[in-house]
Amino acid sequence: MDLRTDILPHSDRLYRLALSILMDATESEDVVQDTMLKAWERRAEWDSIENIQAWLTQICKNLALDRKKKMGRTETMDDHAVATITTTPSGDTDGQLALLHQLIAELPPPLDDLIRLRDIEGYTYREISEQLNLTEDQVRVYLHRARGRIRQRYEALQK
Amino acid sequence: MQCSIVFPLVTRINKMMDYKYIEQLIDRYFEGETTLEEEQILRKFFAQEGLPEHLQKWQALFAAERDLSAAHLDDTFHERILALTGEYHVKAQPISLHVRLRPLYRVAAFLAFAVVIGSAVEFSTGSRTESTQEQVAVQEQDELDVDEAKPLDIRSAELMTSDTLHIQ
């Protein structure tokens, strides 16, 4: 295992994960940097880790959630999200991000991770099943459930 | 005249069929039944302006997915991490024998050049000396030959004349 070839290539994916949790580019970049440094400190473990991608994802997610608590952000951003849906959507990138953030944040685990992996990273069912330790059938069922909730919530925000 | 009526009509029908297809895709998306390619079609479709009102409501959702999918760190991020971990070093490149010997090639070329020039100068100087000596020798031989070639009576006459002059 090597930092350049096995760890750093995950940076962009981790950045998008952090961004979907924090909605802040600078904070998200800091979280990915901290993830990389933490992974480097624990480099002695690399060879014994079965799924390095899942391991990095977990570190990054925990760091992002910790930072979110420190930042004191609340989950309720209905006003921003509603404004995003009702105004011109394609012109308001921050608003769109806030909307998606809220929709994902309201999902329970592992549905939130599943939506991130499928709709942001574009992974196949097989890849998601490997990442989340689920069967492919479970992935299909959970995805159906997650998107159903998103639709329900999205339509509720419109009303 | 007919074309101006028919073409917009065909375009409109095509668009309506497209919208019908998109509506079906949206339903299948929320059922979790779309493929990755179909999900890409939805994101591309909702990147357009001027969509019909009943589809506009989904635009923010798919635009957000598209924007977040495209987000990435700046190009210097990897270098910063490598610097922070002390792993920033230029990887040693294997040097071929040819590259290693290149300075020696230059020295060898210079020496060869010097030898050629030196030889040329030496040859030039040596041949000039030899040719001068040869020229002198040839000249002397020519003079002797000229003397020997004169008729006997002329030579006697010359000798006599010189004797006569000497007596006088």
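Thresholds applied
- Residues numbered from 1 in each chain as written.
- Chains lettered and ligands numbered in written order.
- Predicted model: local features only at pLDDT ≥ 70, side-chain atom pairs only at ≥ 80, totals over all residues.
- Helix = DSSP H or I, 4+ residues; strand = E, 2+ residues; numbered from the N terminus.
- Expected span 1.5 Å × (residues − 1).
- Buried ≥ 20, exposed ≤ 12 C-beta atoms within 10 Å, placed from the backbone.
- Arc of directions from axis to C-beta.
- Contact = placed C-beta atoms within 7 Å.
- Axes fitted to C-alpha atoms, helices over the stretch in contact; angles between N-to-C directions.
- Parallel < 35°, antiparallel > 145°, perpendicular 65-115°, else oblique.
- Nonpolar A, V, L, I, M, F, W, Y, C, P; charged D, E, K, R; others polar.
- pLDDT = per-residue confidence, 0-100.

A. Up close: helix 3 (residues 25-41) of chain A. Spanning 17 residues, helix 3 of chain A covers 24 Å between terminal C-alpha atoms, matching the ideal 24 Å at 1.5 Å per step. Those residues of helix 3 of chain A lying buried are Ser28, Val31, Val32, Thr35, Met36 and Ala39 of chain A. Seen along its axis, helix 3 of chain A keeps its buried residues to an arc of 135°; they face one direction. Set apart from the buried face of helix 3 of chain A by more than 90 degrees, the exposed residues are Thr26 and Glu41 of chain A. Buried residues along helix 3 of chain A sit against helix 1 (3-7), helix 2 (11-22) and helix 4 (52-71) of chain A together with helix 5 (77-84) of chain B.

B. Region of the structure containing the interface of chain A and chain B. The interface is formed by 35 residues belonging to chain A together with 26 residues belonging to chain B. Mapped by element, the contributors of at least two residues to the side of chain A that touches chain B are helix 2, helix 3, helix 5 (78-86), helix 6 (93-105), helix 7 (111-120) and helix 9 (136-158) of chain A. Element by element, the count of residues in the side of chain A that touches chain B is highest for helix 9 of chain A, at eight residues.

C. Representation of the packing of helix 8 (residues 125-132) of chain A against helix 9 of chain A in the model. All names here are of chain A. One can describe the packing of helix 8 onto helix 9 by two numbers: an axis separation of 9 Å at closest approach and a directional angle of 100°. In this view, helix 8 runs roughly perpendicular relative to helix 9, as classed from their interaxial angle. Along its contact with helix 8, which presents Tyr125, Arg126, Ile128 and Ser129, the element helix 9 presents Glu136, Val139 and Arg140. Partitioning the contact of helix 8 with helix 9 into residue classes produces three nonpolar, one polar and three charged.

D. Structural context of the confidence of the model for chain A. Residues and elements named next belong to chain A. Residue-level pLDDT values for chain A average 86, and 86% of them are 70 or greater. For chain A, the element scoring lowest by mean pLDDT is helix 5, at 49; helix 3 scores highest, at 96. In this model, residues 85-89 is a region of pLDDT below 50 whose contacts with residues beyond four sequence positions or in other chains number 11 contacts.

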